[in-house]
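Analysis of the macromolecular model
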Amino acid sequence: MYKRLQPNSLRCNETGLGLMEAIVGVLLIAIVGFVALHLVNLGLAMYKLSSGAKDVAEKLEKAKELAVSQNKDITVLFDAKENRFGIDRNGNGRLESIEAEEMPEGVSLSQDGQITFSRSGKLTKDSKEPSIVIRNTRDSKRVSVSSLGTVDIE
């Protein structure tokens with residue numbers, strides 16, 4: 001007499017996603033994608049900044065070693081306008097294209113300067129700006145040289 005209802009017979013026979021579910025899914029994917037892209041860009045900027053600071057520190061260490069090995073004063077020049085630096089190999093006080101190394105894209109030097117290492121590997125008294133600031137849009141790093149010639153990245 002009574003017809004027994006099956007549990008499946010009460011459901012509508014709709015399959016697939018509705019428009020609202022699709023929109024929410026697309027928005028969630030877009031938000032996660034934008035956050036991931038931002039984190040990748042942030043990581044890349046920090047990598048370039050660290051790489052630039054490391055390059056400057058290595059160049060300063062190389063100049064110090066050259067000063068000791070060649071038994072003469074060696075100067076490292078920093079040109080903020082052109083965003084480059086290098087060892088003044090010919091001793092003319094200018095950074096020429098063959099001596100220059102470019103800073104990574106998006107990373108810049110804060111100001112011009114020069115650091116001169118004496119024959120003993122220490123700084124000379126006429127060294128200007130013994131602390132070089134390297135920055136990008138998010139952060140900055142400082143490469144400093146002590147009077148004893150020790151190079152540090154802060």
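Just so you know, these numbers come straight off a predicted model, no measurement behind them.

Examining unusual backbone geometry
Notably, Asn71 is not glycine yet its phi reads approximately 55 degrees, a positive angle. Considering the arrangement of structural elements, one finds Asn71 in the loop between α1 (19–70) and β1 (74–79).

A closer look at the packing of aromatic side chains
One pass over the structure, following the stated rule, counts one aromatic pair. Centre to centre, the rings of Phe78 and Phe85 are 6.1 Å apart; their planes meet at 20 degrees, and the pair counts as stacked. Accessibility expressed as a relative area gives 3% for Phe78, which makes it buried.

With respect to the pairing of strand β5 (residues 113–117)
Counting buried positions over the five residues of β5 gives four, a clear majority of the element. As defined by bridge partners, β1 adjoins β5 across five bridges and the pair is classed as antiparallel. Counted as the bridge partner of Phe78 is Gly113 from β5.

Some remarks on the sheet that holds strand β4 (residues 108–109)
The strand order across the open sheet formed by four strands is β4-β6-β7-β8, and the pairing between neighbours is antiparallel. At either end of the open sheet lies a strand with only one pairing partner, and these are β4 and β8 (151–153). Taken together, the five bridges between strand β6 (residues 131–135) and strand β7 (residues 140–145) define a ladder with antiparallel strand orientation. What sits directly across from Ser131, in β7, is Ser144. With respect to the sheet, α1 is in contact with β6, β7 and β8, its orientation differing from that of β7 by roughly 10 degrees.

Thresholds applied
- Residues numbered from 1 in each chain as written.
- Predicted model: local features only at pLDDT ≥ 70, side-chain atom pairs only at ≥ 80, totals over all residues.
- Heavy atoms only, no water.
- Helix = DSSP H or I, 4+ residues; strand = E, 2+ residues; numbered from the N terminus.
- Phe/Tyr/Trp six-rings, centres within 6.5 Å; stacked < 30°, edge-to-face > 60°.
- Buried < 20%, exposed > 50% of the residue type's maximum accessible area, 1.4 Å probe, protein only.
- Pairing = 2+ DSSP bridges.
- Contact = heavy atoms within 4.5 Å.
- Axes fitted to C-alpha atoms, helices over the stretch in contact; angles between N-to-C directions.

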